Amino acid sequence: MSDIETVARLLSESVVASTAKASERNLKELENMEGFGLTLLHVVASSNLPISTRLAGALFFKNFIRRKWVDENGTHLLSANQVELIKKEIVPLMISLPNNLQVQVGEAISLIADSDFPNQWPNLLQDLAYKLSPDDMVLNKGVLTVAHSIFKRWRPLFRSDELFTEIKLVLDVFTVPFLNLLKSVDDQIDANVNNVPQLNKLMDVLLLLTKLYYDFNCQDIPEFFEDNITEGMGTLHKYLSYNNPLLEDPDDPDHATTLIKVKSSIQEVVQLYTTRYEDVFGPMIDSFIEITWQLLTSISEEPKYDILVSKSLAFLTAVSRNPRHFAIFNSADAMNRVTDQIILPNVTLREADIELFEDDPIEYIRRDLEGSDDDTRRKACTDFLKELKENNRDLVTNIFLNHMKVFFEKYQSNPSEFWKFKDLYIYLFTNLAINGSLSNNGVSSTNSLLDVIDFFKNQILPDLTSPSIPHVILRIDAIKFIYVFRNQLSKVQLIELMPVLAGFLQSDEYILYTYAAVTIERILTIRESLTSSKFIFTKDDVAGSAEILLRNLFGLIMKQGSSPEKLAENEFLMKASFRVLQTAENTIVSIYPEMMNQLISVVNIVAKNPSNPRFSHYIFESIGAILNYANIDILPALIELMMPSFLHILSEDIQEFIPYIFQILAFCIEKGSTVPESIKQLAQPLLAPSVWELKGNVPAVTRLLRAFIKTDASIFPDMIPVLGVFQRLIASKAYEVHGFELLEDIMLTVNLNILRPYMKQIAVLLLQRLKNSKTERYVKKLIVFLNLLTFRYGGNFMIQFIDEVQDGIFQQIWATFVIPTVPTVANLLDRKITIVGICKLICESSIFITKYGQTLLSATLDTIVKNIISDNLGHLNTEYVDLDNMEEISTFGSSFSKLASIGEKPNDPIPELDVSQGFKNFIATDIKKFLSSNNSNVDTITIISQLSEESKLALNQIMNN
């Protein structure tokens, strides 16, 4: 078989569940072969292959580029020849591909551009601009798709000279052809008003042009666009009001047409100009407000228009944020029109919403509860209403209260028929009552014109406790009200609500029990204050209910189905299970083996096809919580329950789970202070280079390797492979911290006689990195490491460690890097180690005094004295990790997801010295003792005379106290 045939066969097998894992492993084995990336591109380009195989090839190519294009330092991992050939072929290929393949290859181009454009891909711009055609819209669509995949990278970036240089380079080449093509497309749309096939092609191009319009203006308005604002924005205004029945699909109420997408994209540009460039765009805003109002009052409630309604409301929200433009809403008449014509029609439940509730409950939950879909009408109206209310709270509140009174009376007249009015009533009250934003911590303050607790007692509690209700959505509205206003309810009220919510976990209604689980989980996360690490609910509060809660939650999880995808669908249930375990702490130790068995059963099923990263994360958080609170005597039994499953996952190379497993195994070793045989067998395989290639593995596998070394360094009789890992980590800017963590444990744990043959090479590696590619973080970690050596082995050892590289080099390192950087070490533990180490060096190192005293002593003493008197000792983070504000776990990939339940606490080598109590006195005592000694090698008078005036005063304080 030729390469392309082999790769195509493996790709076709990768989309079949029974052969997927084996084929993926075989493909990864081929990755390092010369030309593999090109072969993948040729598979994607082969029109004679099935589309599923080509799509699998495009996906694998995108991930191949992510893994293999550049390393952490931006150096190409492929040969120069392969790099150039891929860049030469990928753009023409993407231009010719169908839509679904273009998306994946476009993302690959964007990844390549991140590292190579513009400096290492200088001909790209000219190639793209040259290919633009006045009449070939198929070609134009491909070219503009490539361009957008590259230029959209600018949108979230922070402003920098490098970024603006790149943007200017693009604008110089692209703006004139861009505007000419916009004019040409506009003219051709007018000329082809009845030519449906050509209109569709033109609309595809117009959509990309509007996206590029945003890309080009996302950081700042370029002079070209400012000069041509009438023509450019005038064209966009035209297409906001453009309609052609031939472009509509009346038989499809769900999927947005290209014209709807064009209008939505235009509204994004208009919002950008309103928010950022009002000084230039101001005179045109009124005309866009007028057309947007017409759109919003004429659009049907069909779901296909949701994105356009959402973007249009986002524009009006931006308008209302400007005091000058808010005036158009700031009257009772205007606000009533906004309410009646725009807000109420778009927040009232539609039949489509109820269908989603019934047919796709998990999607309904995500849209409603998380605000995960920014294109929902309710979400956009919520933002608009919030902005209006912040500008004139009294006017908005009173107008909506008048409407709400009517809605509630309507509901009361016939609850079973008019239950939607109660839903609307609760929705409006909730959004009027919230002050500011709804955060992960709930609502911190409320609208003083509304009584949240009274509303809860009279409108919410009956819907929670009544045996019958007109529609289950009203019960869910009531639960969501508790979710939103949980911080406003007293602990007594919440304790009374918990059994009610727990009862819903026995319901057959998917959304009802899921909302109940979410709300229980959120209640258990309420803290004593926004800055407190203490939760109001303790283990004593849930001791009597945790076991039944967990049994009900696990019953619901297992009820979802036996397929991996269905079982892992509802991450809210797993997160609630974790929270109950975390809150209950050691009060339910008796059921830990049972809970662990259930969790491992879930792991075994989901491992067959991990599809929901958040569900997976909370499986392992739950396992971590059990291990954290388990008594040490049952730890071995829990480990034996886990290990068969974990070893299978490692052998099958299920990458999504491996970083979690490494963290859990590391914690087991740390907690048990021994290395079980079932874990010990992983020690040598852990050193294989392939284990360290996936970025998401590195922090976890480093922790596991360190746990092995700290607990039983004899596991590694040959230190060379371990030091090879250190060398790999310390060379990387991304992993330098992990490199120092590993080195510290090696130096503090392994017998120095074993390490002695490697000492010089370790020092050489550290100083080479310092010389060739230092970062601020690297310098700080190096300083902490050197002072840790001083604290443990003495200053003479540390100086000899450095001077072995080159005699006398210590002076340069200390004067150039250590002394200037010490004041910037802000982490409290690092600062303590640094200052104690330096103090020990001055007071106890004979080499420092005799060899370097004349050149370094006064400057070093000056630094120490200033730091002793400084009150700004940095900030030490509290030990708890706020899961709610952790980085969103949304996709599997190269990023590392840390398990908070078994987070590693920093190792303090000087625990007896409390930084907040007695630290200054401890150091001052040593300095005073040193300066008072009769050391013949120390000229105290001369040293003190060389100090700064500030330090002399401080030293006088030290000597006299």
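Residues numbered from 1 in each chain as written. Predicted model: local features only at pLDDT ≥ 70, side-chain atom pairs only at ≥ 80, totals over all residues. Heavy atoms only, no water.

**Let's talk about the overall build of the protein**
And step 1. The secondary structure content of the protein amounts to 48 helices and 0 strands.
And step 2. Here the protein has a C-alpha radius of gyration of 32 Å; the compact-globule value for 961 residues is 30 Å, and the two agree.
And step 3. Overall, the C-alpha framework of the protein stretches about 95 × 70 × 65 Å when taken along its three principal axes.
And step 4. The buried share among the 961 residues of the protein stands at 54%.
And step 5. Surface summary for the protein: the accessible area is close to 41000 Å², and the carbon and sulfur share equals 50%.
And step 6. Each charge sign in the protein was given a centre, from 87 positive and 118 negative side chains, and these centres are 4 Å apart. (Helix = DSSP H or I, 4+ residues; strand = E, 2+ residues; numbered from the N terminus. Rg over C-alpha atoms; globule rule 2.2 N^0.38 Å. Buried < 20%, exposed > 50% of the residue type's maximum accessible area, 1.4 Å probe, protein only. Areas by Shrake-Rupley, 256 points an atom, 1.4 Å probe, with all protein chains shown as cover. Lys, Arg positive; Asp, Glu negative; His and termini not counted. Charge placed at Lys NZ, Arg CZ, Asp CG, Glu CD.)

**Here's the deal with the packing of aromatic side chains**
And step 1. If you walk through the whole model with that rule in mind, you get 43 aromatic pairs.
And step 2. Taking the centre distance of 5.0 Å and the plane angle of 20 degrees together, the rings of Phe151 and Trp154 count as stacked.
And step 3. Grouping aromatic residues by their ring pairs yields a cluster made of Phe151, Trp154, Phe174, Phe178, Tyr213, Phe216, Phe224, Phe225, Tyr273, Tyr277, Phe281 and Phe288.
And step 4. Stacked on the ring of Tyr483, the Lys or Arg Arg486 has its end atom at 5.1 Å from the ring centre.
And step 5. It is Lys491 that lies over the ring of Phe537; its NZ or CZ is 5.5 Å from the centre. (Phe/Tyr/Trp six-rings, centres within 6.5 Å; stacked < 30°, edge-to-face > 60°. Lys NZ or Arg CZ within 6 Å of the ring centre and 35° of its normal.)

**Some points on the confidence of the model for the protein**
And step 1. Of the residues in the protein, 95% reach a pLDDT of 70 or more, and the chain-wide mean stands at 91.
And step 2. Below a pLDDT of 50 lies the segment residues 872-888, which in the model reaches 35 contacts outside its immediate sequence neighbourhood of four places, other chains included. (pLDDT = per-residue confidence, 0-100. Contact = heavy atoms within 4.5 Å.)

**Digging into the pattern of salt bridges**
And step 1. Under the defined criterion, the tally for this structure stands at 57 salt bridges.
And step 2. With a closest N to O distance of 3.7 Å, Asp204 and Lys141 form a salt bridge. Pair noted here: Asp204 is in helix 10 (residues 196-217) and Lys141 is in helix 8 (residues 137-151), with a separation of 63 residues, a long-range link.
And step 3. For Asp204, a relative accessible area of 23% gives the class partly exposed. (Salt bridge = Lys/Arg side-chain N within 4 Å of Asp/Glu carboxyl O.)

**Here's the deal with the environment of Lys261**
And step 1. Examined against the element boundaries, Lys261 turns out to sit in helix 13 (residues 258-276).
And step 2. Residue contacts for Lys261: discarding those within four places in its chain leaves Leu207 and Ala256.

**Describing the nonpolar core**
And step 1. Membership of the largest hydrophobic core comes to 342 residues, with the highest contact counts inside it found for Phe151, Phe174, Met233, Phe620, Ile623, Leu766 and Phe848.
And step 2. If we ignore the near neighbours within four places in the chain, the residues touching Phe848 are Asn796, Ile799, Phe810, Trp814, Leu841, Ile842, Gly853, Leu856, Leu857 and Thr860.
And step 3. By size, the runner-up hydrophobic cluster in this structure holds 5 residues, among which are Leu748, Leu788, Leu829 and Ile833. (Core = buried A, V, L, I, M, F, W, Y, C linked by side-chain atoms within 4.5 Å.)

**Looking at the packing of helix 9 (residues 161-191) against helix 10**
And step 1. For the pair helix 9 and helix 10, the least separation of the axes is 10 Å and the interaxial angle reads 145 degrees. For the element pair helix 9 and helix 10, the recorded crossing hand is left-handed. Where helix 9 approaches helix 10, its residues Val170, Leu171, Phe174, Phe178, Leu181, Leu182, Val185, Gln188 and Ile189 are matched on the opposing element by Gln198, Leu199, Leu202, Met203, Val205, Leu206, Leu209, Leu212, Tyr213 and Phe216. (Axes fitted to C-alpha atoms, helices over the stretch in contact; angles between N-to-C directions. Left-handed = near helix turned anticlockwise from the far one by under 90°.)

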